[in-house]
Amino acid sequence: MAVDYSKLSILIVEDDNFTRGLIRKVLKEIGVRSIAESSNGKDGLMEVVRTRPDIVFCDIHMAPMNGKQFLQGVRGIKVKDVDKTPVIFLTGDADLSTVRFAKEHNVNGYLVKPISLAKLRDSIDAVVSSNTGMTQWLT
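Note that the structure is predicted; figures quoted are calculated from it, not measured.

A.B. asks: Explain helix H2 (residues 41-51) here, please?
C.D. replies: Note that an α-helix has 3.6 residues per turn; residues three or four places apart therefore point the same way. All of the buried residues in H2 are Gly41, Gly44, Leu45, Glu47 and Val48. Along the long axis of H2, the arc covered by the buried residues comes to 165 degrees, so they all point the same way. Projecting away from the buried face of H2 at angles above 90 degrees are the exposed residues Lys42, Met46 and Arg50. Where H2 is buried, its residues contact strand S1 (9-13), strand S2 (34-38), strand S3 (55-59) and helix H3 (67-76).

What follows is the structure, given as structure tokens:
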């Protein structure tokens, strides 16, 4: 089964303008039409509640709220199903403690920068195929 990317809504939480634009470009190339963006974790958390994205791509190293705090915030939200929003970390950091934190807090994917179209697509496919609540995006 294939993922119908055109039906997905994605939020990019990334403080670097160039990287955020690159991710947006790659998402559009694979067919994603609904893309929201935030330049930091604090705004990203509000955007998750406002837009209810299907998947969030989130940088780890940001201020004033970093990706780890963002993930904890999403998992702690008391809004139905928002706490289960799939989050995929984006980072240049392959540090073992960061990877361990990601696993302990139920991150849904981990992409080490620089990202590629294939890696991004594979991470979306993995989230959609492993999440029983996302079968409507399979064709």
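Structure shown, so let's carry the discussion forward.
A.B. asks: I would appreciate a short explanation of the pattern of salt bridges in the present structure.
C.D. replies: Oppositely charged side chains are able to pair whenever their charged atoms sit close together. Here the structure, examined in full by the defined rule, presents nine salt bridges. Between glutamate 14 and lysine 113 there is a salt bridge, and its shortest N-O distance comes to 3.0 Å. Of this pair, glutamate 14 sits in the loop between S1 and helix H1 (17-29) while lysine 113 sits in the loop between strand S5 (109-112) and helix H5 (117-130), and the two are 99 residues apart along the sequence. With its nearest N and O atoms 3.4 Å apart, the salt bridge here joins lysine 80 to aspartate 81. Salt bridges sharing partners connect three or more residues here, namely Glu14, Asp59 and Lys113.

Rules and cut-offs
- Residues numbered from 1 in each chain as written.
- Predicted model: local features only at pLDDT ≥ 70, side-chain atom pairs only at ≥ 80, totals over all residues.
- Heavy atoms only, no water.
- Buried < 20%, exposed > 50% of the residue type's maximum accessible area, 1.4 Å probe, protein only.
- Helix = DSSP H or I, 4+ residues; strand = E, 2+ residues; numbered from the N terminus.
- Arc of directions from axis to C-beta.
- Contact = heavy atoms within 4.5 Å.
- Salt bridge = Lys/Arg side-chain N within 4 Å of Asp/Glu carboxyl O.

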